[in-house]
Amino acid sequence: MSRRGGTAAGQPLSAVTEQVPDTSATPPSLSSVTASRRRGGDGGHAPTSRRRSTRTQKLKKLGWVLFFLLPSAIPLFIFTLVPMVSSLWVSLHKWNLISPMEWVGLKNYTNLLGDEMTRRVFLHTLIYVVGYLPIVYAGGLLLALALNQKLKGRSFLRATYFLPVVTSWVVVALVWKWLLNPTNGLVNQLLGGLGLPQPGWWTDPHWALPAVILSSAWKDLGFVMVILLAGLQSIPTDVHEAAKVDGSNAWQRFWRITLPLLSPSTFFVVVISLINGFQVFDQVYVMTAGGPAGSSQVVVGQIYDLTFRYGRAGEASALSWILFAVILIITVFQIRGQRRWVHYA
Amino acid sequence: MRDSRSLPAKLALYAAVLVGAAIMLFPFLWTVITSITPEGSLADGPTVFVDNPTLNAYRTLLDAMPIWRIILNSLGVAVVSTVLQLVTGSMAAYGFARLHFPLKNVIFGFYLATLMVPLQVLVVPLFIEMKTLNLQDTYFALLAPTIASAFGVFLLRQAVIGVPTELDEAATIDGAGHLRIFTTIVLPLIRPALATVAVFAFMGSWNSFLWPLVVIRSPEFMTLPLGLSTLQGQFTTQWDVVMAGSVVSIVPIAIVYLLAQRHIIAGVAHTGIK
């Protein structure tokens, strides 16, 4: 493809190979006009060559467009767009991945929307998001505020807080499953040592989701901190100085200046956390597998189980589209609502 | 303002950040400790100072799965998918930012649409696609969904738009074509954005779990998250072995992180500022 782009217009090679019958250098005459008309209605000789060059130029331009776009367009088409459309198609069928598909129209959707199980998995997912977001935001903000001060070993601390972010979810889930082991886990040993109650964590239906929330927040704290720290550092110091001159105290400055000016970063954190939060899966699968007794099953876990455990791929696809719709609606609402509370400096 | 802080306030600040650091680091330390504690002593939980440290758990791990190969799989897949995303992404970014062609906005809209669709929507048909093409349980299957990322295209396109067109024009006068402008002018100037995309591509591939779980069955094609999850299935209650597996999974990424820590954090911070 790069070769096609490489041959410049008007080069002898392309002129010869493409326009063999028209190489006579005679001035425009009746015969040549008829000849060119026979070839497809081209005008006189001089315009022909100009048009010829614009045509090869156009081809060349198209060649460059294809050269730059196809490497991404082809995989995105085959591995994203086609599955996207076929997922819609599958969601309108009853299908166990093996026997032929059976058309059911929108029945998968109506069944799911009326199903108690759907409401439960969405509720669990919502509990996860609602529990997780305040912890990572408050924790991340505190760490960011602390690291925005003059501190010795600041970059070491920042790197330490960020370490769990690069660790994979599966590792984090396993490490915390062990830390939160009800009998000989570290957390319960510490709680016992302090004379506090020791929850059953992932073995107890009431504590399974909190266990997942705790470990997820621990992993993402550093991510939120880095985003908020970057936001804090982009606030100009003279705004703070001016407020100080006007006699405001640190507390007022935090609420009136820092938080409002940090709102674009906060917005980013909230949007990303909600999008990722509604898609929570890895840590739940590893820590609780949705249990005990389905008490921590989340939407994506349900999609996985429907497909690969119960052979109900049609319903699974429908559920994935319902989830997508929910995420999309929430994100659109946030983007619309941001005008009211996000201040771009 | 900051230097005028009182001593107690300063001490409280240091105490707080150190407690935070301990909370972040201790689980890692505990993982290592557990992995070298003899299995028999685990019933009451390990202690910080291990009595008879042993590498038995690591031996069991080596016997249970081809762990070296799994580590190499993880690293290899992550590196290849990062390189692919950088190449395909930067080329598309140049195409959208610098070339003029009909339906450009429509096509870019399609790219953005793929950005919004989460993996779980695609998992079932993608799995069927791989099955039909007889590609399940291969490296290609692991890589396929990550050859190009619309997120990368989007981020890099913004960066290319930020490169002044005067530079291109000057190069064109000097006789440079698109390929030369792309490689010698645009690419060097969008390095920060490339670094950001690289960080996200690498971490995304390294952490990826749902897709490998769906498409890979044989241990020799597993990546670390999938290998660990199967390990836990086999050794449910043998926490020393599970933690040995976790240590082995953490070490490679910890080394990458130590070497590139500054760039990784800068890359993540970079996405939030916009």
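In this text the structure is predicted, and so the values were computed from the model without any measurement. (Residues numbered from 1 in each chain as written. Chains lettered and ligands numbered in written order. Predicted model: local features only at pLDDT ≥ 70, side-chain atom pairs only at ≥ 80, totals over all residues. Heavy atoms only, no water.)

### Topic: the nonpolar core
With 150 residues, the main nonpolar core has A:Tyr161 and A:Phe162 as its most contacted residues. A per-element tally of this core places helix 10 (residues 208–233) of chain A first, with 15 residues. Setting aside chain neighbours within four positions, we find A:Phe162 in contact with A:Gly222, A:Phe223, A:Val226, B:Tyr257, B:Ile264, B:Ile265 and B:Val268. One finds B:Ala93, B:Tyr111, B:Ala176 and B:Val186 within the second-largest nonpolar core, a separate group that totals 32 residues. (Core = buried A, V, L, I, M, F, W, Y, C linked by side-chain atoms within 4.5 Å. Buried < 20%, exposed > 50% of the residue type's maximum accessible area, 1.4 Å probe, protein only. Helix = DSSP H or I, 4+ residues; strand = E, 2+ residues; numbered from the N terminus. Contact = heavy atoms within 4.5 Å.)

### Here's the deal with unusual backbone geometry
Following A:Gly291, the chain continues into A:Pro292 via a peptide bond in cis, with omega recorded as -10°. Note that A:Pro292 resides in the loop between helix 13 (282–287) and helix 14 (299–308). The residue A:Ala289 is not glycine, and still its phi comes out positive at about 55°. Inspection of the secondary structure assignment puts A:Ala289 in the loop between helix 13 and helix 14. For A:Ala289, a relative accessible area of 48% corresponds to the partly exposed category. If you check the backbone angles, B:Asn134 has positive phi at about 60° while not being a glycine. Along the chain, the position of B:Asn134 falls in the loop between helix 5 (119–132) and helix 6 (139–143).

### Things to note about the environment of A:Val326
All names here are of chain A. Topologically, Val326 is positioned in helix 15 (residues 313–341). Taking the relative accessible area as the measure of exposure, Val326 reaches 23% and is therefore partly exposed. Expressed as a C-alpha distance, the spacing of Val326 and Ile275, which sit 51 residues apart in the sequence, is 9.7 Å. Not counting chain neighbours up to four residues away, the residues in contact with Val326 comprise Phe122 and Phe278.

### Observations concerning the domain arrangement of chain B
Residue and element names in this part refer to chain B. Split by domain assignment, chain B resolves into domain 1 (1–54) and domain 2 (55–273). The gap between the C-alpha centroids of domain 1 and domain 2 is 32 Å. The interface is formed by ten residues belonging to domain 1 together with twelve residues belonging to domain 2. Approximately 820 Å² of surface area, both sides summed, lies buried where domain 1 meets domain 2, with 68% of it carried by carbon and sulfur atoms. In terms of surface lost to domain 2, no three residues of domain 1 exceed Thr31, Ser35 and Thr54, which account for 53% of the buried area on that side. The interface formed by domain 1 and domain 2 includes zero salt bridges. (Domains from an automatic or database assignment. Buried area = accessible area lost by both parts, 1.4 Å probe. Salt bridge = Lys/Arg side-chain N within 4 Å of Asp/Glu carboxyl O.)

### As for the side chain of A:Ser168
Note that A:Ser168 resides in the loop between helix 7 (154–166) and helix 8 (169–179). A:Ser168 sits in the buried class, given a relative accessible area of 5%. Contact partners of A:Ser168, with chain neighbours within four places excluded, come to B:Trp206, B:Asn207 and B:Pro225.

### Digging into the interface of chain B and chain A
The interface of chain B with chain A comprises 88 residues on the first partner and 83 residues on the second. Carbon and sulfur atoms supply 77% of the area that chain B and chain A bury against each other, a total of about 7900 Å² over both sides. Looking only at chain B, the three residues that lose the most surface to chain A are B:Met24, B:Gln120 and B:Trp239, adding up to 9% of its buried area. One can count zero salt bridges joining chain B with chain A. Where chain B meets chain A, there are eleven residue pairs in polar contact (both at pLDDT 80 or more). Top contributing element to the side of chain B that touches chain A by residue count: helix 13 (residues 239–273) of chain B, with 17 residues. (Polar contact = N/O pair within 3.5 Å; in protein donor to acceptor, adjacent residues only side chain to side chain.)

### Concerning the pattern of salt bridges
Inspection of every chain in the model, using the stated rule, returns three salt bridges over all chains. We note a salt bridge from A:Arg312 to A:Glu315, for which the minimum N-O separation is 2.8 Å.

### With respect to the packing of helix 8 of chain A against helix 10 of chain A
All names here are of chain A. Interaxial distance between helix 8 and helix 10 falls to 10 Å at its minimum, and their mutual angle equals 130°. Between helix 8 and helix 10, the angle falls in the class oblique. Note that helix 8 runs across helix 10; the crossing there is right-handed. Counted together, Trp169, Val172 and Trp176 of helix 8 and Leu214, Ser215, Ser216, Trp218, Lys219 and Asp220 of helix 10 form the full contact between these two elements. Its residues assigned to classes, the contact of helix 8 with helix 10 comprises five nonpolar, two polar and two charged. (Axes fitted to C-alpha atoms, helices over the stretch in contact; angles between N-to-C directions. Parallel < 35°, antiparallel > 145°, perpendicular 65-115°, else oblique. Left-handed = near helix turned anticlockwise from the far one by under 90°. Nonpolar A, V, L, I, M, F, W, Y, C, P; charged D, E, K, R; others polar.)

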